[in-house]
Structure formats: structure tokens, C-alpha cells
Amino acid sequence: MMGPSHALSGAAAWLAGCWALDHLAGYGQSPLAVAVGTTMCAGGALLPDLDLSGRVTRNQGGATVARTFGVFSLFVAEVVEKVSLGVYTATRLRRDPRRDNGHRTFTHTLPFAALVGWGTTELCVRFGKWAVVAIVFFTAGLALRGLFDEWAERAGWLIVTAAAGVMAWFTWLHLPGDRGYPLLGVAVGVGCVVHLLGDMITKNGVPILWPIPLGRRMWRMIGVPNAMAVKVGGPGEVIVLRTLFTLVSVLAVAGMFAPHLWHRFDLDTWADNAHWER
Ligand SMILES: [Zn+2]
């Protein structure tokens with residue numbers, strides 16, 4: 001899937017999860033806490049593609065997350081790609097093909113998602129609000145780059161970085177610093193998993209079973225059958241899936257916060273009266 005679909009699917013997954021927590025478990029969150037988690041999940045849903053380094057990017061063209069923070073993220077992407085290739089080569093079995101590029105390897109596995117989620121939780125517990133603000137900055141940049149890929153391409157990385165900075169600053173001003181935010185690690189981890197699912201419904205698949213060997217292969221690419229695969233950038237992705245993700249997001253937000261708005265405007269007592277009259 002393309003950037004906007006990955007980012008939207010991450011946002012939709014987190015908002016739907018927050019709605020479920022609120023309604024089924026009675027775990028309500030402030031609008032800002034929901035927004036921070038949604039940003040991290042949307043950004044996390046782009047994180048695995050940080051293994052597309054500069055060289056690859058130039059070959060493929062288009063907007064990728066590796067350019068979010070200019071040369072800084074291009075450098076990070078180069079390192080991530082090389083480390084992923086290193087993990088691939090070190091754990092490759094006889095039937096696994098030789099590779100000279102690490103795209104869609106280590107960052108597209110469940111252990112990577114777990115590692116990133118655990119790391120985020122550790123940071124948020126140890127450094128509290130500072131860590132939350134720093135991670136908001138990073139993931140907001142990825143999310144903006146992913147969601148508004150054409151705008152981001154035109155605006156350039158400085159504008160994207162500045163916009164992410166504003167979001168981080170807003171979080172710093174308004175987020176209470178007297179508590180931990182253990183759910184945020186879950187947000188980033190879930191974002192990565194949602195990315196894997198998104199890649200699995202396209203033709204290439206991801207090595208979702210790693211590190212479980214299967215038929216002398218450790219890095220088997222697994223996805224839906226080709227006949228069912230969603231065409232990258234086709235109408236199934238751009239129209240059907242993106243509309244679905246947007247709808248889920250809007251309904252979840254309405255389900256969480258519209259009742260409070262009703263209460264504020266005293267519409268619910270009015271609704272109750274209407275109910276009694278019937
Ligand atoms: Zn991917």
C-alpha cells in the first residue's frame with residue numbers, strides 16, 4: 001500500500017481501539033491523549049518503510065518516509081536498510097535467495113513491531129513527558145509525510161519538520177506531565193503490525209513468520225493469493241480502502257466525543273424528554 005493508506009489504516013486502527021476501550025472497558029481518554037496515540041499509531045504504520053534508503057528511493061521515485069526529515073532521515077533509512085540486510089543475511093537459510101537490499105525484511109516482522117513497541121514504552125515510562133513529546137515529533141513527521149504525500153513532496157522536508165514541531169510543542173503545552181503513558185508503546189507497535197497487514201494484502205507480502213523456519217526458508221514472503229491481492233495505488237486501495245479507513249476514524253471519534261458534546265449543549269436531556277413522550 002502507499003503512504004496515505006498506511007497512515008490512514010494506522011489512525012483508524014487506533015481510533016477504533018480507543019473507542020472499544022472506552023465503550024467496552026470503560027477506559028476513557030482525553031481528546032489530546034487520543035490524538036497523541038493516533039499520531040503515534042499513524043506514524044508507526046509508516047515506520048517499517050524507513051528501510052527504503054536513498055538509493056532505492058531514487059530508483060522508485062515518489063514520496064517516501066525516508067525523506068521526512070531531509071538528509072537526517074535519509075541517513076537513518078540507509079542505516080536501517082543495512083542493519084535489516086545484515087539480519088537477513090545472518091539468519092538466511094539455504095532456500096532463501098541472496099539479497100543486496102534490506103527492504104521488506106527485518107522491519108517487516110512481528111519481532112520488530114514488538115521491539116519498537118517495547119522501546120517506546122520504556123522511553124515513555126523512564127523519561128515521561130519529554131519522551132512522549134520527542135516521539136510525537138518523530139511520528140507526526142512520518143504521519144504527515146505519509147498522509148499528505150503530494151503536499152509533503154511539494155512543501156519539502158523543512159515545512160514537514162516544522163509542522164511536526166508545532167504538534168510536538170502543542171503536546172508539550174497541554175499534556176499533563178504527572179502520569180505515565182504506557183499505552184503509547186502499544187500505539188507504535190500496533191502501527192507497525194497494521195503496516196504489515198497492509199503489505200500482506202498486496203502482491204509482494206511480508207516475512208510475517210520470521211524467525212520461524214518453514215521448508216528451509218526463514219524469510220518466506222507471505223501474503224494473500226495473487227488473485228485477491230490489492231493493486232498498489234489502484235481503485236481498490238485508493239477509493240475503497242481509504243474511504244473505509246476514513247469512515248472508521250470519523251465514526252470512532254464521533255462515538256467517543258460526540259456524547260460529551262451532546263451533554264455540554266444539554267441536548268441529551270432534550271433527547272430523553274423526546275423519548276418519554278413517545
Ligand atoms: Zn512496507
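In this text, all values refer to a predicted model and were calculated from it rather than measured experimentally.

A few points about the overall build of the chain
Step number 1: Each helix and strand counted, the chain has ten helices and zero strands in total.
Step number 2: Its helices and strands in sequence order give the chain the pattern α-α-α-α-α-α-α-α-α-α, from N to C terminus.
Step number 3: The buried share of the chain, taken over its 278 residues, is 44%.
Step number 4: Pairs at least 24 apart in sequence give 73% of the contacts found in the chain among residues at least 6 apart.
Step number 5: When the accessible surface of the chain is totalled, it reaches about 14800 Å², and 69% of it is carbon and sulfur.

Let's talk about the nonpolar core
Step number 1: Counting residues in hydrophobic clusters, the biggest one holds 38 residues, and the most contacted among them are Val36, Met40, Leu47, Val132, Leu184 and Trp219.
Step number 2: Residue assignment for this core shows that the elements contributing at least two residues are α1 (3–25), α2 (31–44), α4 (71–91), α5 (110–147), α8 (183–200) and α9 (235–264).
Step number 3: Of all the elements, α5 adds the most residues to this core, at nine residues.
Step number 4: Here Val132 is in contact with Val36, Met40, Cys124, Leu175, Tyr181 and Leu184, once residues within four sequence places are set aside.
Step number 5: Residues Met1, Leu8, Ala12 and Leu241 belong to the second largest nonpolar core, which totals five residues.

Points about the packing of α1 against α8
Step number 1: Look at α1 against α8: their axes get within 9 Å of each other, and the N-to-C directions meet at 130 degrees. Relative to α8, α1 is oriented oblique. As α1 runs across α8, the sense of the crossing is right-handed. Across the interface between the two elements, His6, Ser9, Gly10, Ala13, Trp14 and Leu21 from α1 touch Leu183, Val186, Ala187, Val194, His195, Gly198 and Asp199 from α8.
Step number 2: Residue classes in the contact of α1 with α8 are distributed as seven nonpolar, five polar and one charged.

A few points about the coordination of the zinc ion
Step number 1: Of the protein atoms, only Asp49 (OD), His108 (NE2), His195 (NE2) and Asp199 (OD) coordinate the zinc ion, at distances of 2.1 to 2.3 Å.
Step number 2: Here the zinc ion is ringed by four donor atoms whose angles at the metal span 90 to 174 degrees, and the overall shape comes out irregular.
Step number 3: All donors of the zinc ion come from a single chain, and their spacing in sequence reads D-x58-H-x86-H-x3-D. Taken together, the residues Asp49 in the loop between α2 and α3 (54–60) and Asp199 in helix α8 connect sequence positions 150 residues apart.

Considering the side chain of His195
Step number 1: If you trace the backbone, His195 turns up in helix α8.
Step number 2: Relative accessible area serves as the criterion here: at 0%, His195 is assigned to the buried category.
Step number 3: A distance of 2.7 Å separates a polar side-chain atom of His195 from the backbone oxygen of Ala45.
Step number 4: Apart from residues no more than four positions distant in its own chain, His195 is found in contact with His6, Ala45, Leu46, Pro48, Asp49 and His108.

A look at a positive patch on the surface
Step number 1: Taken together, Arg94, Arg95, Arg216 and Arg220 make up a surface patch of like positive charges.
Step number 2: The residue Arg94 is located in the loop between α4 and α5 in this model.

Describing the side chain of Thr202
Step number 1: Within the fold, Thr202 resides in the loop between α8 and α9.
Step number 2: Looking at Thr202, the relative accessible area reads 1%, which means it is buried.
Step number 3: Sequence-distant contacts of Thr202, that is, excluding residues within four places in its chain, are made with Met1, Arg104, Ala229, Val230 and Val232.

Examining the packing of aromatic side chains
Step number 1: Applying the stated criterion across every chain, the model contains nine aromatic pairs.
Step number 2: Their ring planes at 45 degrees and their centres at 5.1 Å tell us that Tyr88 and Trp219 sit as a pair that is tilted. Within this pair, whereas Tyr88 is found in helix α4, its partner Trp219 is found in the loop between α8 and α9, the two being separated by 131 residues in sequence.
Step number 3: A relative accessible area of 2% places Trp219 in the buried class.
Step number 4: Linked through ring pairs, Tyr88, Phe106, Phe112, Trp210 and Trp219 together constitute an aromatic cluster.
Step number 5: The ring of Trp172 is capped by Lys129, whose NZ or CZ atom sits 4.4 Å from the centre of that ring.

Rules behind the numbers
Residues numbered from 1 in each chain as written. Predicted model: local features only at pLDDT ≥ 70, side-chain atom pairs only at ≥ 80, totals over all residues. Heavy atoms only, no water. Helix = DSSP H or I, 4+ residues; strand = E, 2+ residues; numbered from the N terminus. Buried < 20%, exposed > 50% of the residue type's maximum accessible area, 1.4 Å probe, protein only. Contact = heavy atoms within 4.5 Å. Areas by Shrake-Rupley, 256 points an atom, 1.4 Å probe, with all protein chains shown as cover. Core = buried A, V, L, I, M, F, W, Y, C linked by side-chain atoms within 4.5 Å. Axes fitted to C-alpha atoms, helices over the stretch in contact; angles between N-to-C directions. Parallel < 35°, antiparallel > 145°, perpendicular 65-115°, else oblique. Left-handed = near helix turned anticlockwise from the far one by under 90°. Nonpolar A, V, L, I, M, F, W, Y, C, P; charged D, E, K, R; others polar. Donors = N, O, S within 2.8 Å, 3.2 Å for Na, K, Ca; no water. Tetrahedral: all angles 85-135°; square planar, octahedral: opposite > 155°, others 65-115°. Polar contact = N/O pair within 3.5 Å; in protein donor to acceptor, adjacent residues only side chain to side chain. Patch = residues over 30% accessible without salt bridge, like charges linked within 9 Å, V, L, I, M, F, W, Y side chains within 5 Å. Salt bridge = Lys/Arg side-chain N within 4 Å of Asp/Glu carboxyl O. Lys, Arg positive; Asp, Glu negative; His and termini not counted. Charge placed at Lys NZ, Arg CZ, Asp CG, Glu CD. Phe/Tyr/Trp six-rings, centres within 6.5 Å; stacked < 30°, edge-to-face > 60°. Lys NZ or Arg CZ within 6 Å of the ring centre and 35° of its normal.

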